[in-house]
Amino acid sequence: TLFINLPLRRTYVSGGAAPPLVMTGAYALLRHPVLYCLVLFMVSLLLASRSRLFLVAGPVYILLDLILITVQDLYFFPRIFKEYPAYRRQTPFLIPNRRSWNAFIHSIRALKLTKEEE
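In what follows, the accompanying structure is described. (Residues numbered from 1 in each chain as written. Predicted model: local features only at pLDDT ≥ 70, side-chain atom pairs only at ≥ 80, totals over all residues. Heavy atoms only, no water.)

### Quick word on the overall build of the protein chain
Right, so step 1: Across its full length, the protein chain holds 7 helices and 0 strands.
Right, so step 2: In sequence order, the protein chain lays out its α and β elements as α-α-α-α-α-α-α.
Right, so step 3: The buried share of the protein chain, taken over its 118 residues, is 26%.
Right, so step 4: Here the contacts in the protein chain between residues at least 6 apart in sequence split such that 64% fall between residues at least 24 apart.
Right, so step 5: Counting every atom, the protein chain has about 8800 Å² of accessible surface; 67% of that belongs to carbon and sulfur. (Helix = DSSP H or I, 4+ residues; strand = E, 2+ residues; numbered from the N terminus. Buried < 20%, exposed > 50% of the residue type's maximum accessible area, 1.4 Å probe, protein only. Contact = heavy atoms within 4.5 Å. Areas by Shrake-Rupley, 256 points an atom, 1.4 Å probe, with all protein chains shown as cover.)

Next up, the structure:
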């Protein structure tokens, strides 16, 4: 999700100012889509490893990530991105709603149109 939706050069390569806030793609659907990827990854690892230890560790990792994204959402992102309070008002935290689904579909269509024009 991070590498697909965030512009590589502006986000990870070039230094300087904070990267722009991405509000399209999966980030139009909800503010922290990476959590769903982590849950899917943890379930896959559990099924592949069949480890009893991972049966405990997987939920702990997910809980720790949930704590991390809550702290980011409340304290860090509003200080890094000036548009974040408006983004927080229009985009759900973890559970998509009808408005966010419409924004997601609209941003995917707009991206597809932009690529066709190139």
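### Points about helix H4 (residues 34-49)
Right, so step 1: A rise of 1.5 Å per residue sets the reference length of H4, with its 16 residues, at 22 Å; its end C-alpha atoms lie 22 Å apart and thus fit the reference within 8%.
Right, so step 2: Burial in H4 covers these residues: Leu35, Leu38 and Met42. Each buried residue of H4 lies within a common arc of 55 degrees when the element is viewed along its axis, so the set occupies one face. The exposed residues of H4 that point more than 90 degrees off its buried face are Leu40, Leu47 and Ala48.
Right, so step 3: Where H4 is buried, its residues contact helix H5 (52-80).
Right, so step 4: Arg50, located one to two residues past H4, shows a positive phi value of around 55 degrees. (Expected span 1.5 Å × (residues − 1). Arc of directions from axis to C-beta.)

The quantities given are spatial measurements derived from coordinates; they are silent on function.
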